[in-house]
Amino acid sequence: MSEATRILVLNAGSSSVKYQLIDMVDGARLAVGLVERIGERTGRLAHTPHGGERRERTEPVPDHAAALRAMAEELAADGIGLDSPELAAIGHRVVHGGKRFTAPTVVTDEVLTEIRRLVPVAPLHNPANITGIEVARALRPDLPQVAVFDTAFHTTVPEYAARYAIDTAVADEHRVRRYGFHGTSHQYVSRATARLLGRDPAELNVIVLHLGNGASASAVAGGVCVETSMGLTPLEGLVMGTRSGDLDPGVVFHLHRVGGLSIDEIDDLLNRRSGLLGLCGENDMREVLRRTEEGDPAARLAFDAYVHRLRKYVGGYYAVLGRVDAIAFTAGVGENAAPVRAAACAGLAELGIAVDPELNSIRSGEPRVISPEYSRVTVAVVPTDEELEIAQQAYALVHQG
Ligand code: ADP
């Protein structure tokens, strides 16, 4: 067995690369960093080694290759460079794995080709993820590169829930179906919830509410995802920071035919100028909460619309699961916004759901229960850790056999 116990996790976006070097023996972050503004006049790198000071560099970063070179220099300066024999693999976040990728996968040329074939259904994300893999491969061609897909955890959603009720031939020709996203987070949080409760994930039914800038819900039955709120793209489902979530597809036809907006303008409207931002001009929940307290009616409406949609999903997923053992709140809003959690669960005593106001108001970075003793359903706050999940999946894969 090799002694290599470190995983470098890369999350390559169109103009940024986030990275973490994690030691799998104890989960320690040996380094955490971000390179941003790739391709702009001045790029920026921020790098924090374990127990050390944060360092920043401002310089042109023309492309992803330059970004990863800068990252490699910083890691080398800390004595944990990419040439280290302790590096076991590089784990890549890949947004779209389609129907094919149901588990983490060691990248080969054939796998890369398949990820490329998925670009039409993930035009904003997969190209950058592919570039990240190609550049990392060039830096360490001998090292396993593992792709961990945001969609993989949702590939167990039954066909009747994954299909849109449209012509099957048209849907299949264009790969139109519900894929779901944030899967790595839903998987991590559903398991962490079982751990918090001291239960086996296989015997637990959990509703996971991942509420960040993007937001999604999932229903997890015995560790297996059976329903999730995002669809072909991350636009479906909950009200988000800047995305509308669910709407009548007729709205798109209407805005185009009657409103005269182009398809690109509608895409921009629904993805970047809707949700909380569209309703009250502010996409950050902290600001929405502050303005709500001051009595601002637009912020109140945005908050109420956000919570109303969330409650519809909680109720819907309750029916999908039949029995719910736990509801887990996670990501920026879920972990920090007590008023959202309280409002999402208010008045649901008949369903066995209750939140204890005092427990709910405690601020902590730890997984914790916020429901009272008598609550049949355990309501919990469970911080997500997508990087650790990617690292664990990559590590498990390269250590098989
Ligand atoms: P991303 O989806 O980009 O990973 P995060 O999970 O970090 O996002 O969530 C970011 C969002 O979390 C912010 O836009 C903000 O609305 C919300 N948030 C962060 N801290 C708080 C807080 N203390 N109270 C309410 N909302 C918060």
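The rules behind these values
- Residues numbered from 1 in each chain as written.
- Predicted model: local features only at pLDDT ≥ 70, side-chain atom pairs only at ≥ 80, totals over all residues.
- Heavy atoms only, no water.
- Helix = DSSP H or I, 4+ residues; strand = E, 2+ residues; numbered from the N terminus.
- Buried < 20%, exposed > 50% of the residue type's maximum accessible area, 1.4 Å probe, protein only.
- Contact = heavy atoms within 4.5 Å.
- Pairing = 2+ DSSP bridges.
- UniProt positions renumbered as here; feature names shortened; annotations may be inferred.
- Polar contact = N/O pair within 3.5 Å; in protein donor to acceptor, adjacent residues only side chain to side chain.
- Expected span 1.5 Å × (residues − 1).
- Near = heavy atom within 4 Å.
- Areas by Shrake-Rupley, 256 points an atom, 1.4 Å probe, with all protein chains shown as cover.
- Nonpolar A, V, L, I, M, F, W, Y, C, P; charged D, E, K, R; others polar.

### Things to note about the environment of Ile 207
Topologically, Ile 207 is positioned in strand 9 (residues 205-211). Taking relative accessible area as the criterion, Ile 207 reaches 0% and is therefore assigned buried. Discounting residues that sit within four places of it in the chain, Ile 207 has contacts with Ser 218, Val 314, Tyr 317, Tyr 318, Leu 321, Val 324, Ala 326, Ile 327 and Ala 328.

### Some remarks on the pairing of strand 4 (residues 43-49)
A large share of strand 4 lies buried, amounting to six of its seven residues. As judged from the six bridges shared by strand 3 (residues 28-36) and strand 4, these two strands associate in the antiparallel manner. Bridge assignment links Ala 31 to a residue of strand 4, and that residue is Pro 49. What sits between the antiparallel neighbours strand 3 and strand 4 is a turn of six residues, in which Arg 37 has the positive phi angle 60 degrees. Between strand 4 and strand 5 (residues 55-59), which pair antiparallel one after the other, the connecting turn spans five residues, and Gly 51 there sits at a positive phi close to 70 degrees.

### Section: the UniProt feature "site: Transition state stabilizer" (unreviewed entry) in the chain
Annotation from UniProt places "site: Transition state stabilizer" (unreviewed entry) at His 182 and Arg 243. Checked against the element boundaries, His 182 lands in the loop between helix 5 (168-173) and helix 6 (183-197). Turning to its location among the elements, Arg 243 is positioned in the loop between strand 11 (224-228) and helix 7 (250-257). Since its relative accessible area comes to 21%, Arg 243 is described here as partly exposed. With residues up to four places along the chain from it excluded, the contact list for Arg 243 reads Gly 214, Met 230, Pro 234, Leu 235, Leu 238, Leu 270, Asn 271, Ser 274 and Gly 275. A polar atom in the side chain of Arg 243 sits 3.3 Å from the backbone oxygen of Pro 234.

### So, the pairing of strand 1 (residues 6-12)
Look at any regular strand and the pattern is simple: side chains alternate between the two faces of the sheet. Of all the seven residues making up strand 1, seven are buried; the element is thus mostly covered by neighbouring parts of the structure. Two elements, strand 1 and strand 2 (residues 16-23), share seven bridges in a ladder whose sense is antiparallel. Its bridge partner being in strand 2, Arg 6 is matched across the sheet by Asp 23. Here strand 1 folds back onto strand 2 in antiparallel fashion, the turn holding three residues. Here strand 1 pairs with strand 6 (residues 87-94) via five bridges, running parallel. Each residue of the ladder has a partner; that of Val 9, found in strand 6, is Gly 91.

### Observations concerning helix 6
An ideal rise of 1.5 Å per residue puts 21 Å on 15 residues; helix 6 measures up with 21 Å between its terminal C-alpha atoms. Burial within helix 6 is extensive, with eleven of its 15 residues counted as buried. Listed as buried for helix 6 are Gly 183, Thr 184, Ser 185, His 186, Gln 187, Tyr 188, Val 189, Ser 190, Ala 192, Thr 193 and Ala 194. On its buried face, helix 6 is in contact with strand 8 (145-149), strand 9, strand 10 (215-221), strand 12 (326-330) and helix 15 (386-398).

### A closer look at the site of the ligand
Around the ligand sit Gly 212, Asn 213, Gly 214, Asp 284, Met 285, Arg 286, Ala 331, Gly 332, Val 333, Asn 336, Ala 337 and Arg 363, and that is every residue in its neighbourhood. Arg 286 is positioned with one of its side-chain polar atoms (N or O) 3.4 Å from a nitrogen atom of the ligand. Isolated, the ligand exposes 580 Å² of accessible area, and the fraction of that covered by the protein chains is 68%. Residue assignment for the shell around the ligand shows that the elements contributing at least two residues are helix 10 (285-293) and helix 12 (331-336). The biggest single contributor to the shell around the ligand is helix 12, with four residues. Residues belonging to the shell around the ligand are distributed by class as follows: four nonpolar, five polar and three charged.

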